[in-house]
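The chain contents come next:
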Amino acid sequence: MTTPKDIQVSVLRWAPPIVHGLVRDLRVRWALEEAGWPYREHFVSPEAQASTKYRELQPFGQVPAFQSDELKLFESGAIVLHIAERSPALMPQDPAGRADVTAWIFGALNSVEPPVMMLNVIDMLYQGPKGDDVQGLRGWIARWTESRLDVLERELEGKDYLLGRFTAADVLLTTVLRILRDTDFVKKRPLLEAYQRRCETRPAFQKALEDHLASFAQHAP
Ligand SMILES: N[C@@H](CCC(=O)N[C@@H](CS)C(=O)NCC(=O)O)C(=O)O
């Protein structure tokens, strides 16, 4: 399999420290590091995000967006899947194994990330009053999140990674679990915490995180 050339990944030119290590270009950087595909950063400012030119690349004006000599792509899950489909480091070669990875990529993004993000919205992003109604909603979403983490714990029992070996599904699941870093949802579950640590101590993750943080430091106001 040939490696695409001239890869560029869009990243926020700067973001406040509260989201450092969470912005979704990290997923793509990590997958690229695991695959061994060189890439360049395409820094986008808030003005660029709003521009017609950037919206042709990412219709919602968000990051990440991906470009290569072959194609352009948006949505972190689609980008990681694209890389994985061409990289044995992220996806096994047999059809059943590939199907499992695809299912877990969607599982991480579509079944685990929604309640995790809702908690994040209430805890970090929502600035309005947090009366009984918001607390009640948070409690309900917290139980939804716990039920998803229960499933993950069962899946990971006796395994180092979701599908036994490391795959793109672990890139997405780990970066989703990171969103809970200021809570005890993962911390109180030793098996999940160990899984997250195992994934985050991989050299490819460390390199991706280092570059992700360096680009914010470089553009700090
Ligand atoms: N579903 C999208 C979400 C992308 C997203 O939420 N990007 C955020 C950073 S993590 C962003 O660009 N926020 C800035 C904005 O929306 O203006 C994906 O996974 O790529």
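How each quantity is defined
Residues numbered from 1 in each chain as written. Predicted model: local features only at pLDDT ≥ 70, side-chain atom pairs only at ≥ 80, totals over all residues. Heavy atoms only, no water. 1 Å grid on protein atoms, 1.4 Å probe; cavity = no way out; pocket = protein on both sides within 12 Å on 5 of 7 lines; lining within 4 Å. Points joined across faces, edges and corners; volume = space filled by probe spheres on them. Nonpolar A, V, L, I, M, F, W, Y, C, P; charged D, E, K, R; others polar. Domains from an automatic or database assignment. Contact = heavy atoms within 4.5 Å. Buried area = accessible area lost by both parts, 1.4 Å probe. Near = heavy atom within 4 Å. Polar contact = N/O pair within 3.5 Å; in protein donor to acceptor, adjacent residues only side chain to side chain. Areas by Shrake-Rupley, 256 points an atom, 1.4 Å probe, with all protein chains shown as cover. Sits in = over half its atoms within 2 Å of the grid points. Patch = residues over 30% accessible without salt bridge, like charges linked within 9 Å, V, L, I, M, F, W, Y side chains within 5 Å. Salt bridge = Lys/Arg side-chain N within 4 Å of Asp/Glu carboxyl O. Helix = DSSP H or I, 4+ residues; strand = E, 2+ residues; numbered from the N terminus. Buried < 20%, exposed > 50% of the residue type's maximum accessible area, 1.4 Å probe, protein only.

### Comments concerning empty space enclosed by the protein
Take a probe with the size of a water molecule and roll it over the atoms, and the empty space left behind shows itself.
Phase 1 of the analysis: Under the defined criterion, the tally for this structure stands at 1 cavity of 30 Å³ or more.
Phase 2 of the analysis: Looking at the largest cavity, its volume works out to about 30 Å³.
Phase 3 of the analysis: Lining of the largest cavity is provided by Gly21, Leu22, Val23, Arg24, Leu26, Arg27, Thr175 and Arg178.
Phase 4 of the analysis: Of the residues contributing to the lining of the largest cavity, the split by class is 3 nonpolar, 2 polar and 3 charged.

### Here's the deal with the domain arrangement of the chain
Phase 1 of the analysis: Looking at the assigned domains, one finds that the chain contains domain 1 (8-89 + 204-214) and domain 2 (95-202).
Phase 2 of the analysis: Contacts between the two partners involve 22 residues from domain 1, matched on the other side by 23 residues from domain 2.
Phase 3 of the analysis: Taking both partners together, domain 1 and domain 2 bury about 1,900 Å²; carbon and sulfur atoms supply 60% of that area.
Phase 4 of the analysis: Per-residue buried area on domain 1 facing domain 2 is highest for Leu22, Arg27 and Trp30; these three make up 32% of the total on that side.

### Considerations on the site of the ligand
Phase 1 of the analysis: Taken together, Val23, Arg24, Gln49, Gln62, Val63, Pro64, Glu75 and Ser76 make up the full set of residues adjacent to the ligand.
Phase 2 of the analysis: Val63 is positioned such that a nitrogen or oxygen atom in its backbone is 2.9 Å from an oxygen atom of the ligand.
Phase 3 of the analysis: Within the side chain of Glu75, one N or O atom sits 2.7 Å away from a nitrogen atom of the ligand.
Phase 4 of the analysis: Taken by itself the ligand offers 510 Å² of open surface, and the protein chains cover 69% of this.
Phase 5 of the analysis: Put simply, the ligand lies in the largest pocket.

### Here's the deal with a nonpolar patch on the surface
Phase 1 of the analysis: A contiguous nonpolar surface patch, about 250 Å² in accessible area, is contributed by Val121, Leu125 and Tyr126.
Phase 2 of the analysis: As for its position among the elements, Leu125 is in helix 5 (residues 95-125).

### What about the environment of Phe166?
Phase 1 of the analysis: Along the chain, the position of Phe166 falls in the loop between helix 6 (132-156) and helix 7 (168-177).
Phase 2 of the analysis: We classify Phe166 as buried; its relative accessible area is 6%.
Phase 3 of the analysis: Between the C-alpha atom of Phe166 and that of Leu22, which follows or precedes it by 144 residues, the distance is 21 Å.
Phase 4 of the analysis: Those residues in contact with Phe166 that sit more than four places away from it in its chain are Trp30, Glu34, Ala89, Leu90, Tyr161, Val171, Cys199 and Arg202.

### Section: the environment of Val134
Phase 1 of the analysis: Tracing the chain through its elements places Val134 in helix 6.
Phase 2 of the analysis: On the accessibility criterion, Val134 (13% relative accessible area) is buried.
Phase 3 of the analysis: Between the C-alpha atoms of Val134 and Asp100, which are 34 residues apart in sequence, the distance is 37 Å.

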